[in-house]
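# Understanding the architecture of this molecule
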Amino acid sequence: MPLHVVDHPLLADILTRLRDRTTPSEEFRSLAYRISVLLVAEATADLPTAEVAVDTPMEPTVGRRLASRVVAVPVLRAGLGMLQAFLDLIPTAQVGYFGLERNELTAVARCYYEKVPADLHEAVVFLLDPMLATGGSAAMAVDGLRARGARGVRFVSIVAAPEGVARLADAAPDAEIYTAALDRGLDARKYILPGLGDFGDRLYGTI
Ligand code: PRP
Ligand code: URA
C-alpha cells in the first residue's frame, strides 16, 4: 500500500508547533488548517483534469479543470480540523461524515454516526483523520466507504504510527496514506509516540 510521507519545510515547521504541548487551542486550530492545505495539495496532485477553452481578457486559450467527482469524509471529531482546508481547495467536493470514538480503556473504535453519499464507485474519496494510531478507526471508516463502492481511498493524516499503517494496509491494500510524519510507535494506552497527544482534545480545548 502506498505510503506518502510528505516532506516540506513549511509542513515540518507547522508539525513541530502542533507537537509542542504549550501550543494553545486557537493556534492549534490554525496550524491544523495550514498543514491540511499542504497535505491535501499533495494528496490531490494526480487528480484527473480535462482541457477547457477559456477567454482571458486578452485572448482565447486552453486551460484545465478538475474532471472527477471528489468526496471528502472527515472522521469526527478530529477530522473536522482538516475539512475547511479541503473545501477551500476543492469547494465542489461532496462531504460525508463518520463519527468514530475510541474506547478510553480498550482503544477500540465504535461508530456513533455516519452520513456518507451512497454511491462512491466513480468518486475519488479522501478520508480525513489527523491521527492513525492502531488503525482501528481508519479500517472501520475505509470498510464503510468500500461498502459504498469506494476504491483506492486516500487517507489523509497528520501523524501515523507504524501499527496503524500495517493495520490499514491489511484491511485495504488499495488505500493510499498521505501523512506529515511516520512516528516511532504507540504507548500502552495506544497513543502515538512522540505524537502530539489527543488531537480532538487539543483542537477543541476539552483536555
Ligand atoms: C482519534 C483520532 C482517530 C483515532 C485514531 O479519535 O482522531 O479517529 O483516535 O486512533 P486509532 O487509529 O487507534 O483508531 P478519538 O477516538 O480520540 O475521537 P475524537 O476525535 O472524537 O476525540
Ligand atoms: N488519537 C489521538 O488523538 N492521538 C493519539 O496519539 C492516538 C489516537
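### Quick word on the overall build of the protein chain
Across its full length, the protein chain carries six helices and 15 strands. Taken over the C-alpha trace, the protein chain has a radius of gyration of 17 Å; the compact-globule value for 207 residues is 17 Å, and the two agree within 12%. Taken over the C-alpha atoms alone, the protein chain extends approximately 60 × 40 × 25 Å along its principal axes. As displayed, the protein chain has an accessible area near 10,600 Å², and 52% of this comes from carbon and sulfur atoms. Placing the 21 positive and 26 negative side-chain charges of the protein chain at their respective mean positions leaves the two points 5 Å apart.

### Observations concerning the packing of aromatic side chains
Tallied over the full model, the rule gives two aromatic pairs. Ring centres of Phe28 and Phe199 lie 4.9 Å apart, and the angle between their planes is 65°; on these two criteria the pair is classed as edge-to-face. With Phe28 in helix α2 (residues 25–43) and Phe199 in helix α6 (residues 199–204), this residue pair connects regions lying 171 residues apart in the sequence. Comparing Phe28 with Phe199, the two get one shared label, buried. Where Phe86 meets Phe126, the ring centres are 5.2 Å apart and the plane angle is 55°; that geometry is what we call tilted. Placement of the pair is Phe86 in helix α3 (residues 80–89) and Phe126 in strand β8 (residues 123–128), with a sequence separation of 40 residues. For Arg102, the ring lying beneath its charged end belongs to Tyr191, and the centroid distance is 5.2 Å.

### Here we look at the side chain of Arg202
When you line up the elements, Arg202 lands in helix α6. One buried charged side chain, Arg202, makes no salt bridge at all; its nearest oppositely charged neighbour is Asp20, positioned 6.0 Å away. If we skip the residues at most four places from it in the chain, Arg202 touches Leu18, Arg19, Asp20, Arg21, Thr23, Ser25, Phe28, Leu196 and Ile207.

About the cut-offs
- Counting from 1, residues in each chain are numbered in the order their sequence is written.
- Labels follow written order: the first chain is A, the first ligand is 1, and so on.
- Local features are withheld for residues below a pLDDT of 70 in this predicted model, meaning they are given only at 70 or higher, and side-chain atom pairs are given and counted only at 80 or more; totals for whole chains, interfaces and linings count all residues.
- Each side-chain value is derived from all of the structure's non-hydrogen atoms; neither hydrogens nor water enter the calculation.
- Going along the chain from the N terminus, every DSSP run of H or I of four or more residues is numbered as a helix, and every run of E of two or more is numbered as a strand.
- Radius of gyration means the value over C-alpha atoms here, while the globule rule gives 2.2 Å times the residue count to the 0.38 power.
- Accessible surface area values rest on a Shrake-Rupley calculation with a 1.4 Å probe, where residue burial reflects the displayed protein chains alone.
- Positive charges come from Lys and Arg, negative ones from Asp and Glu, while His and the chain ends are left out of the count.
- By convention, the charge on Lys lies at NZ, on Arg at CZ, on Asp at CG and on Glu at CD.
- Only rings of Phe, Tyr and Trp enter the pairing, Trp through its six-membered ring, and a pair is recorded when the two centres are within 6.5 Å. The plane angle decides the type: under 30 degrees is stacked, over 60 is edge-to-face, the rest tilted.
- Under the scheme applied here, a residue whose accessible area is under 20% of the maximum for its type counts as buried, over 50% as exposed, and between as partly exposed, the area being computed with a 1.4 Å probe on protein chains only.
- Any Lys NZ or Arg CZ found within 6 Å of a ring centre and within 35 degrees of that ring's normal is scored as a charge over the ring.
- Salt bridges are defined as contacts in which a side-chain nitrogen from Lys or Arg sits within 4 Å of a carboxyl oxygen from Asp or Glu.
- Whether two residues touch is decided by their heavy atoms; if any such pair falls within 4.5 Å, the residues are in contact.

Geometric descriptors of this kind do not, in isolation, establish any biological role.
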